[in-house]
Amino acid sequence: MSNLYWLDNESWSRIEPLLPRGRRGAHRVDDRRVISGIMHMLRTGARWRDCPTEYGPYTTVCNRFNRWSKQGVWQTIFYALTGSAGVVGVRSVSIDSTHVKAHRSASGAKGGPSPMR
């Protein structure tokens, strides 16, 4: 259970007041446990459905990540943990390692490049 939480007590005390409150519905699952589940899933890159049950229901983990993303909560948490107000002029940065596999004939490999006219 001690390895369950990804944030130490000091970090948690910085972000806890920033979390949304007062939402109606079912009994609220522990925020610290859900945030740890979100961090675990983002770090491993696994499907939300494969989230370990120790972090709560996978639907809760996924829904809270999506809801808080739309509300800008993650940006506030990031700034609270890093102590940074962000880089001037930069709103967001994304690094993508996606690649597209092209068919071997996509560059004219079978007959060579088509003649230019």
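Here we summarise the structure given alongside this text. (Residues numbered from 1 in each chain as written. Predicted model: local features only at pLDDT ≥ 70, side-chain atom pairs only at ≥ 80, totals over all residues. Heavy atoms only, no water.)

Turning next to the overall build of the protein chain. Check the secondary structure of the protein chain and you find four helices and zero strands. Burial analysis of the protein chain (117 residues in total) assigns 23% to the buried set. Pairs at least 24 residues apart make up 54% of the contacts formed inside the protein chain by residues separated by at least 6 positions. Here the protein chain displays about 9300 Å² of accessible surface, and carbon together with sulfur accounts for 53% of that area. (Helix = DSSP H or I, 4+ residues; strand = E, 2+ residues; numbered from the N terminus. Buried < 20%, exposed > 50% of the residue type's maximum accessible area, 1.4 Å probe, protein only. Contact = heavy atoms within 4.5 Å. Areas by Shrake-Rupley, 256 points an atom, 1.4 Å probe, with all protein chains shown as cover.)

All right, on to the pattern of salt bridges then. Using the criterion set out here, one finds four salt bridges in the structure. A salt bridge links Arg14 to Glu10, with the nearest nitrogen and oxygen atoms 3.6 Å apart. Within this pair, Arg14 and its partner Glu10 are both found in helix H1 (residues 9-15), separated by four residues, close to a single helical turn. Residue Glu10 is classed as exposed on the basis of its relative accessible area, which comes to 52%. Asp50 is paired through a salt bridge with Arg47; the nearest N and O atoms lie 3.1 Å apart. When salt bridges that share partners are traced, they join Arg21, Asp31 and Arg64 into one network. (Salt bridge = Lys/Arg side-chain N within 4 Å of Asp/Glu carboxyl O.)

Within soluble globular proteins, side chains that are nonpolar tend to cluster in buried spots. Leu19, Ile35 and Trp74 are the most contacted members of the largest nonpolar core, which has 18 residues in total. Listed by contribution, the elements that provide at least two residues to this core are H1, helix H2 (31-44), helix H3 (58-71) and helix H4 (73-82). When residues of this core are assigned to their parent elements, the largest contribution, four residues, is made by H2. Not counting residues up to four positions away in its chain, the partners in contact with Leu19 are Trp12, Asp31, Ile35, Trp68, Val73 and Ile77. (Core = buried A, V, L, I, M, F, W, Y, C linked by side-chain atoms within 4.5 Å.)

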